[in-house]
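Observations on the three-dimensional arrangement
Here is what each chain is made of, one letter per residue.
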Amino acid sequence: MAATVMMGAAVAVDCLGRIRKVMYSAVMAAANGILLVVDVMLGSYFAVFQAALTAFWVWHWWRGGDDDGTRRRLRTLRQRFSGVRRTAPSTP
């Protein structure tokens, strides 16, 4: 129910031109993600459709808009981690 309200509100605000496309995509991805979790918990075959919609909206959010902040922050976070090669100790 809450996800449907989120989607309806996002569509209404988008029609009025009061929300950016990136935010619209993020809201739709979150709402479809909630519906996906519910469908998986219920064991519904509709979960496959919800998974496709969630993937589409996440992709649209990731690729859309002029704001590159999310990708930049993730790249910065990724640079903090460095791989450490761990090998088994050699035994004589």
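The paragraphs below set out a description of the structure included in this document. (Residues numbered from 1 in each chain as written. Predicted model: local features only at pLDDT ≥ 70, side-chain atom pairs only at ≥ 80, totals over all residues. Heavy atoms only, no water.)

A closer look at the overall build of the protein chain
Counting its secondary structure elements, the protein chain contains 4 helices and 0 strands. When the helices and strands of the protein chain are listed from N to C terminus, the series reads α-α-α-α. A globule of 92 residues ought to have a C-alpha radius of gyration of about 12 Å, yet the protein chain, at 19 Å, is considerably larger. The dimensions of the protein chain, computed from C-alpha atoms along their principal axes, are 70 × 40 × 20 Å. Here the protein chain holds 92 residues, and the buried ones make up 21% of them. Considering only contacts in the protein chain between residues 6 or more positions apart, those separated by 24 or more positions represent 45%. With the model as given, the accessible surface of the protein chain reaches about 7300 Å², and the carbon-plus-sulfur share is 65%. Between the averaged position of the 12 positive side-chain charges in the protein chain and that of its 5 negative side-chain charges there is a distance of 12 Å. (Helix = DSSP H or I, 4+ residues; strand = E, 2+ residues; numbered from the N terminus. Rg over C-alpha atoms; globule rule 2.2 N^0.38 Å. Buried < 20%, exposed > 50% of the residue type's maximum accessible area, 1.4 Å probe, protein only. Contact = heavy atoms within 4.5 Å. Areas by Shrake-Rupley, 256 points an atom, 1.4 Å probe, with all protein chains shown as cover. Lys, Arg positive; Asp, Glu negative; His and termini not counted. Charge placed at Lys NZ, Arg CZ, Asp CG, Glu CD.)

Observations concerning the packing of aromatic side chains
Under the criterion given, the structure shown has 5 aromatic pairs. Measuring from centroid to centroid gives 5.1 Å for Phe-46 and Phe-49, while their planes differ by 45°, and the two rings are tilted. On the accessibility criterion, Phe-49 (44% relative accessible area) is partly exposed. Against the face of Tyr-24 rests Lys-21, its NZ or CZ located 6.0 Å from the ring centre. (Phe/Tyr/Trp six-rings, centres within 6.5 Å; stacked < 30°, edge-to-face > 60°. Lys NZ or Arg CZ within 6 Å of the ring centre and 35° of its normal.)

Considering a nonpolar patch on the surface
Taken together, Trp-62, Leu-74, Leu-77 and Phe-81 make up a surface patch of nonpolar side chains, about 420 Å² in accessible area. Tracing the chain through its elements places Leu-77 in helix 4 (residues 69-80). Given the relative accessible area of 41%, Leu-77 is considered partly exposed. (Patch = residues over 30% accessible without salt bridge, like charges linked within 9 Å, V, L, I, M, F, W, Y side chains within 5 Å. Salt bridge = Lys/Arg side-chain N within 4 Å of Asp/Glu carboxyl O.)

With respect to the side chain of Gln-50
With respect to the helices and strands, Gln-50 occurs in helix 3 (residues 47-63). By relative accessible area, which is 5% here, Gln-50 ends up buried.

What to know about a positive patch on the surface
A cluster of basic side chains, namely Arg-72, Arg-73, Arg-75 and Arg-78, defines a positive patch on the protein surface. The residue Arg-75 is located in helix 4 in this model. Arg-75 gets classed as partly exposed once you look at its relative accessible area, which sits at 38%.

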